[in-house]
Amino acid sequence: RRVNELPVEADLGRELDIIEIDAASNRGIDEMRSLREKIMSAPTHLKYKVYIIDEVHMLTKEAFNALLKTLEEPPAHVIFILATTEEEKLLDTILSRCQVFRFNSPSRAVLTKLAIDVAKSEGFKMSTEAADLVALAADGSFRDALGIVQKVILASGDTIGSADEVAAIIGAPKTSSILELLNALHMKDKERALAVIQVVTAGPVNIKLLLRLLLEHVRAVMLLRNLPTQSESILKAFGPESQEKILSYASGPSPLNSHLLLKLLEASEQTSRSPIPQLPLEIAI
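To keep things clear, this report deals only with the structure shown in the data block. (Residues numbered from 1 in each chain as written. Predicted model: local features only at pLDDT ≥ 70, side-chain atom pairs only at ≥ 80, totals over all residues. Heavy atoms only, no water.)

Once that is clear, we can look at the overall build of the protein. For the protein, the count of helices and strands is 15 helices and 5 strands. Here the C-alpha atoms of the protein give a radius of gyration of 25 Å, more than 25% beyond the 19 Å that 2.2 N^0.38 yields for 285 residues. Across its three principal directions, the C-alpha atoms of the protein cover 70 × 45 × 40 Å. Of all 285 residues assigned to the protein, the portion counted as buried reaches 39%. Of the contacts formed within the protein by residues at least 6 apart in sequence, a portion of 73% connects residues at least 24 apart. Here the protein has roughly 16,700 Å² of accessible surface; of this, 53% comes from carbon and sulfur atoms. Side-chain charges of the protein comprise 32 positive and 38 negative groups, with the mean position of each set lying 3 Å from the other. (Helix = DSSP H or I, 4+ residues; strand = E, 2+ residues; numbered from the N terminus. Rg over C-alpha atoms; globule rule 2.2 N^0.38 Å. Buried < 20%, exposed > 50% of the residue type's maximum accessible area, 1.4 Å probe, protein only. Contact = heavy atoms within 4.5 Å. Areas by Shrake-Rupley, 256 points an atom, 1.4 Å probe, with all protein chains shown as cover. Lys, Arg positive; Asp, Glu negative; His and termini not counted. Charge placed at Lys NZ, Arg CZ, Asp CG, Glu CD.)

Sheets are built from strands that pair by backbone hydrogen bonding, the pairs being arranged parallel or antiparallel. Here 3 strands make up an open sheet; going across it, the order is β1-β2-β3 and the pairing parallel. Edge positions in the open sheet fall to β1 (16-22) and β3 (78-82), since each of these has one partner strand only. Taking the axes of each pair of neighbouring strands and ignoring which way they run, one obtains an average angle of 20° across the sheet. Direction of pairing for strand β2 (residues 48-54) relative to β3: parallel, over a ladder of 5 bridges. Opposite Lys49, over in β3, you have Val78 as the bridge partner. Lying over the sheet, helix α2 (residues 29-38) contacts β1, β2 and β3, oriented at roughly 170° with respect to β2. (Pairing = 2+ DSSP bridges. Axes fitted to C-alpha atoms, helices over the stretch in contact; angles between N-to-C directions.)

The subject of this paragraph is the pairing of β1. Sheet analysis places β1 next to β2, joined by 7 bridges and oriented parallel. Note that in β2 the partner of Glu20 across the bridge is Ile52. In the classification by handedness, the crossover that spans β1, the intervening α2 and the parallel β2 is right-handed. (Right-handed = clockwise from strand over helix to strand, strands pointing away.)

In this section: helix α3 (residues 61-72). Across its 12 residues, α3 extends 17 Å between first and last C-alpha, which sits within 8% of the 16 Å expected from 1.5 Å per residue. Along α3, the residues that are buried comprise Ala63, Phe64, Ala66, Leu67, Leu68, Thr70 and Leu71. Check the buried side of α3 and you find it contacts α2, β2, β3 and α4 (92-95). (Expected span 1.5 Å × (residues − 1).)

Turning next to the nonpolar core. Formed by 55 residues in total, the largest nonpolar core has its most connected members in Met126, Leu133, Val134, Val166, Leu256 and Leu264. Top contributing element to this core by residue count: helix α11 (residues 207-226), with 11 residues. Dropping the residues within four chain positions of it, Val166 is found in contact with Ala130, Leu133, Val134, Ile148 and Val152. Met32, Leu35, Val56 and Leu59 belong to the second largest nonpolar core, which has 19 residues in total. (Core = buried A, V, L, I, M, F, W, Y, C linked by side-chain atoms within 4.5 Å.)

Along the polypeptide, Ser254 turns up in the loop between α13 (240-250) and α14 (258-271). The exposure class assigned to Ser254 is buried, which follows from its relative accessible area of 13%. The contact partners of Ser254, leaving out residues within four places of it in the chain, are His186, Arg225 and Tyr249.

Its place among the elements puts Ala131 in helix α6 (residues 128-138). In this structure Ala131 comes out as buried when scored by relative accessible area, which is 0%. Put simply, Ala131 and Lys151 are 20 residues apart on the chain and 13 Å apart in space, counted from C-alpha to C-alpha. Apart from residues lying up to four places away in sequence, Ala131 is in contact with Thr112, Ala115, Ile116 and Met126.

When you line up the elements, Ala220 lands in helix α11. Residue classification places Ala220 among the buried positions, given a relative accessible area of 3%. Remark: the alpha-carbon pair of Ala220 and Glu129, spanning 91 residues in sequence, is separated by 14 Å. Ignoring sequence-local partners within four residues, the contact set of Ala220 consists of Ile234, Phe238 and Ile246.

Viewed as axis vectors pointing N to C, helix α7 (residues 142-155) and helix α8 (residues 163-170) meet at an angle of 115°, and their least axial separation amounts to 10 Å. The angle between α7 and α8 falls in the class roughly perpendicular. The two elements α7 and α8 cross, and the hand of that crossing is right-handed. Contacts between α7 and α8 involve Ile148, Lys151, Val152 and Ala155 from the first element and Val166, Ile169 and Ile170 from the second. A per-class count over the contact of α7 with α8 returns 6 nonpolar, no polar and 1 charged. (Parallel < 35°, antiparallel > 145°, perpendicular 65-115°, else oblique. Left-handed = near helix turned anticlockwise from the far one by under 90°. Nonpolar A, V, L, I, M, F, W, Y, C, P; charged D, E, K, R; others polar.)

Here is the structure:
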């Protein structure tokens, strides 16, 4: 509250005393009562006290009610920032007394560009396909994307990062393995498809990433078949070899279609619950 009242020209580092509270471990009414007592004392040298309550949805109902009284009439020197990933768990009485700002995860395209730009700033060239793999593994996290780029730069023997180098670091299968599996599915050769999975899973591979990449390829075939005029945007995240295969499969009849996508989606959802990670994919095949 009252963030908009801060002077625009203020040096925030000198104006604010920032205190962070983890609601997951300080979730009871006693903690909120203690907080209410603490906020009454004005900062000695600074203008504002900012209390950031992280994971605020973890507070008990009684703690919420105690916090509500504090939010209704906070001292002039206090600003509250309530952070949560589960807004729906907050009481309406709390939300109605707050300005709500929703932060969205960065898109895959944004993370892909970030990977390329950061690598370039370090004198390292990362292919679009490799950067897209970074974005895929980062799953909406800037921090994870930067961490993967750093690992690729440190692990690479030269100044060029390939998709296979990224795959080795994040536990994804090589592009050649995905294309071999894709071709086996296209040919309805389940023996070959299962054999590819046996080879791939013999190493330290992330099955969820394997399924995600397979889904990406099959989805591209389906989209290209139904949206041929959008081929450039559909194929831009893939390397030349993958693009060639996807175009080939989309140009004629193929079991790489929406029915297969549904089976792969079901397998993907079951993977994390399966005691044998590759089993749902093997069953789908």
